[in-house]
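Fold and contact review
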Amino acid sequence: MLITTTPSLEGRSIQRYLGPVHGEAILGANIFRDLLASVRDVVGGRARAYEKALQQARQEAMEELARRAELLGADAVVGLQLDTEVLGQSGGMLMVCAVGTAVRLDAEAGSALPLPPPPLPPQA
């Protein structure tokens with residue numbers, strides 16, 4: 001599944017817009033307790049445990065978005081937007097939302113576009 005933040009894919013034409021798709025990932029209060037317990041891994045002003053948790057949540061939201069686009073018969077998702085929100089009265093939950101437009105691409109121009117690179121793995 002091709003996913004892009006741009007409204008189109010260079011070298012490919014969109015045959016049909018299938019509609020908006022979304023994916024969410026919510027981290028609960030327990031993960032924040034775990035993250036606070038491991039705050040010792042802050043190096044150079046960066047909290048690695050928080051970064052790993054956010055990367056995982058972002059990845060899960062994107063996978064859910066792609067799954068929903070596939071259910072619509074999409075070849076790609078264009079116009080991707082990612083949003084992160086803190087939820088709950090005490091801010092004990094973190095939500096990452098991925099939203100885009102599922103599209104079906106024109107089949108005849110299909111083979112010219114290379115696959116995007118895989119996401120970077122979390123750093124240890």
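What you see is a predicted model; the values in this text were computed from it and never measured. (Residues numbered from 1 in each chain as written. Predicted model: local features only at pLDDT ≥ 70, side-chain atom pairs only at ≥ 80, totals over all residues. Heavy atoms only, no water.)

**What to know about the nonpolar core**
Under the convention used in this document: The nonpolar core is taken to be a set of buried Ala, Val, Leu, Ile, Met, Phe, Trp, Tyr and Cys residues, with the residues joined through side-chain atoms within 4.5 Å. For every residue, the accessible area obtained with a 1.4 Å probe (protein chains only) is divided by the maximum for its type, and the residue is called buried under 20%, exposed over 50%, and partly exposed between those limits. For the purposes of this entry, the term helix denotes a DSSP run of H or I that reaches at least four residues, the term strand denotes a run of E that reaches at least two, and both are numbered from the N terminus. Only heavy atoms matter for contacts: two residues are in contact if any of them lie within 4.5 Å across the pair.
Counting residues in hydrophobic clusters, the biggest one holds 16 residues, and the most contacted among them are Val 21, Leu 65, Ala 69 and Ala 102. At the level of elements, strand E2 (14-27), helix H2 (48-71), strand E5 (76-87) and strand E6 (93-105) are the ones that each hand at least two residues to this core. Here this core gets 5 residues from one element, more than from any other, and that element is H2. Those residues within four positions of Leu 65 in sequence are excluded, and the remaining contacts are Ile 3, Val 21, His 22, Gly 23, Val 77, Leu 80, Ala 98, Val 99 and Gly 100. Counting residues in hydrophobic clusters, the runner-up holds 6 residues, among them Leu 2, Leu 9, Ala 76 and Val 78.

**What to know about the confidence of the model for the protein chain**
Stated precisely, the cut-off is as follows: Confidence scores per residue from the predictor, reported as pLDDT, run from 0 to 100.
Averaged over every residue, the pLDDT of the protein chain is 81; residues scoring 70 or more account for 70%. Within the protein chain, strand E3 (residues 42-43) has the poorest average pLDDT of any element, 56, and E2 the best, 95.

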